[in-house]
Amino acid sequence: MTRQLHLNLFLMTRGHHEGAWRHPGANPKALTDLQLYVDAARIAEAAKFDAVFLADGLVGPDSGQMASSGQLEPLLLLAALAQHTERIGLIGTASTTYSLPYTLARQFATLDHLSKGRAGWNIVTSWLPRAGENYGLQENVEHAERYRIAEEFVAAVDALWRSFPGAAVVDDAASGQYLDIGQVRPVNYAGTHIRTRGPLNVPGSPQGRPVLVQAGQSDTGRAFAAQWAEAIFTAHGSKESAQGFYADIKGQAKSLGRSAEGIVILPGISAAIGSTEYEARQVWEELDSLTSIDVGLGRLSARFGGHDFSGLPLDRRLTRDDFPDPAQVEASRSRAMGYVETTLRDGLTLRQLLKRLAGARGHLAIAGTPEQVADTIEDWFRTGAADGFNVMPPVITQQLELFASEVVPILRKRGLFRSDYQSSTLRGHFGLPDLPAVQHKAQADAAVAA
């Protein structure tokens, strides 16, 4: 079968640029209005995107200029979107650090049922400063510990999803038997951090289990992704960096006995599209004029665990000494490393770095005609940098509509992207098996049998 490109819509309110909420091309509906999200999801579904993806954060706003601080809870929003869409996948972010496995397993199994097999779980370990305080902790959980918790958390959730197979539902009114209760078994999962008895009280969902998605890029995050992830959202500003990540993840997966094709790798791309390259660049300039240095400094500080960059001059080239050691950052370590790497490679000033981060936050940001954008996507796809892209329109609705109506037809004409859905499930869209083999199956099965 010919390898096919995958496209997800990373749906962020009115767009991914910090100034998007003020742009005249943005959807003016309130960020709490369901229709804002329905409008975007329907554009993506009409273009036959694989999925809609929702991020999440667990802290309140600290700036009056950052519209993305007013996000709705993703799982409830996706449940609503399931009723307004038919085929597109629905991927939501949920933390392993500040959630309970039993609750989360129920939520995603329910979403998979309500959407008839379109659910995916973006597994995160919650890096935002102050998140721990919102959950009764005095401080955040440190980086390595977050991943140790995540390993047990995902194993427990997977065991819970296995504990109540869909085949156990007999639903025979004539005989009076609703369940074959012999197929429903406790989990009795007992780890260092996670304990849950089970079984789950939601039967197995249409996909067997929701698709497991992950986004870590640190060494620990990569190892975790190679073991568990079926789709990976990743951030790279250069093709060379993306190729290195792609080869590393696929190689680690193979060493664990997994198929390299069983992991779909999707870098983020934020494309400003115009009828000419000059017109496209004007989009970035318009957006940059709608944000502020203070907002950018706040975002940069959060990525480095609260480090204060405000004392640095804006127009001097940054050096490594201007950053805290990213390997010691307890927040988003992988993204911090990427920011330092990009800054030093391209010789950026602080002002230039803040502009880059305002538009794509370390993901690939480009400006060009539809043909130029399609050329970049095809090049990364064909040269071992990506299996597809997490599309991050700088402005929603304007730039999303241009991507869907101008770039997608070019990709389709080149034989890279589907003309119609061939599956009704997210697993099918990604080319994954309906009942996947799990890397930790032995552990999960042992837990179920205990």
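Just so we're clear, the structure is a prediction, and the values are computed from it rather than from any experiment.

What about the packing of helix H2 (residues 74-82) against helix H3 (residues 101-114)?
Viewed as axis vectors pointing N to C, H2 and H3 meet at an angle of 10°, and their least axial separation amounts to 9 Å. The angle between H2 and H3 falls in the class roughly parallel. By crossing handedness, the relation of H2 to H3 is classed as left-handed. Contacts between H2 and H3 pair Leu75, Leu78, Ala79 and Ala82 from the former with Gln107, Phe108, Leu111 and Leu114 from the latter. The residue inventory of the contact of H2 with H3, partitioned by class, reads 7 nonpolar, 1 polar and no charged.

Notes on the pairing of strand E11 (residues 264-273)
With 10 of 10 residues buried, E11 is to be regarded as a mostly interior element. Alternating positions in E11 separate into two faces, Val264, Leu266, Gly268, Ser270 and Ala272 on one and Ile265, Pro267, Ile269, Ala271 and Ile273 on the other, with burial throughout. The sheet contact formed by strand E10 (residues 231-234) and E11 spans 4 bridges and is parallel. Bridge pairing in E11 places phenylalanine 233 opposite leucine 266. Assessed by its sense of winding, the connection that carries the chain from E10 through helix H7 (residues 239-255) to E11 is right-handed. Pairing of E11 with strand E13 (residues 388-391), which is carried by 2 bridges, proceeds in the parallel orientation. Each bridged residue has a counterpart across the sheet, and for isoleucine 269 the counterpart in E13 is valine 391.

Quick look at the domain arrangement of the protein
Domain boundaries assigned for the protein yield domain 1 (6-161 + 191-270 + 365-430) and domain 2 (288-357). Of note, the centres of domain 1 and domain 2, computed from C-alpha atoms alone, are 24 Å apart.

Quick look at the pattern of salt bridges
Applying the stated rule across the entire model yields 22 salt bridges. Its salt-bridge partner being lysine 29, residue aspartate 39 comes within 3.1 Å of it at the nearest N-O pair. With a gap of 10 residues between them, aspartate 39 in helix H1 (residues 34-46) and lysine 29 in the loop between strand E1 (6-10) and H1 connect regions that are remote in the sequence. Look at lysine 29 and you get partly exposed, because its relative accessible area is 31%.

Considerations on the UniProt feature "binding site: FMN" (unreviewed entry) in the protein
In this structure's numbering, the residues bearing the UniProt feature "binding site: FMN" (unreviewed entry) are Asp56, Thr93, His143, Tyr147 and Ser218. Its location among the elements puts threonine 93 in strand E3 (residues 89-95). Looking at threonine 93, its side chain comes within polar contact range of the main-chain oxygen of leucine 54, at 2.8 Å. One can find histidine 143 in helix H5 (residues 143-163). You can call histidine 143 buried: its relative accessible area is 3%.

Examining the confidence of the model for the protein
Summary statistics for the protein give a mean pLDDT of 90 and a share of 92% for residues scoring 70 or more. Across residues 436-450 the pLDDT falls below 50, and counting only partners more than four positions away or on other chains, this stretch makes 33 contacts in the model.

Remarks on helix H13 (residues 398-413)
The first and last C-alpha atoms of H13 sit 23 Å apart over 16 residues, in line with the 22 Å expected at 1.5 Å per residue. Bending of H13 peaks at approximately 30° at the position of valine 407, with proline proline 409 no more than four residues after it. For H13, the set of buried residues is Gln399, Leu400, Phe403, Ala404, Val407, Val408, Ile410 and Leu411. For H13, the secondary structure elements touched by its buried residues are E1, H1, E11, helix H8 (277-288), helix H12 (370-382) and E13. Among the residues trailing H13, glycine 415 stands out with phi positive, at a value near 75°.

The rules behind these values
- Residues numbered from 1 in each chain as written.
- Predicted model: local features only at pLDDT ≥ 70, side-chain atom pairs only at ≥ 80, totals over all residues.
- Heavy atoms only, no water.
- Axes fitted to C-alpha atoms, helices over the stretch in contact; angles between N-to-C directions.
- Helix = DSSP H or I, 4+ residues; strand = E, 2+ residues; numbered from the N terminus.
- Parallel < 35°, antiparallel > 145°, perpendicular 65-115°, else oblique.
- Left-handed = near helix turned anticlockwise from the far one by under 90°.
- Contact = heavy atoms within 4.5 Å.
- Nonpolar A, V, L, I, M, F, W, Y, C, P; charged D, E, K, R; others polar.
- Buried < 20%, exposed > 50% of the residue type's maximum accessible area, 1.4 Å probe, protein only.
- Pairing = 2+ DSSP bridges.
- Right-handed = clockwise from strand over helix to strand, strands pointing away.
- Domains from an automatic or database assignment.
- Salt bridge = Lys/Arg side-chain N within 4 Å of Asp/Glu carboxyl O.
- UniProt positions renumbered as here; feature names shortened; annotations may be inferred.
- Polar contact = N/O pair within 3.5 Å; in protein donor to acceptor, adjacent residues only side chain to side chain.
- pLDDT = per-residue confidence, 0-100.
- Expected span 1.5 Å × (residues − 1).
- Bend = angle between axes of the 7 residues up to and from the residue.

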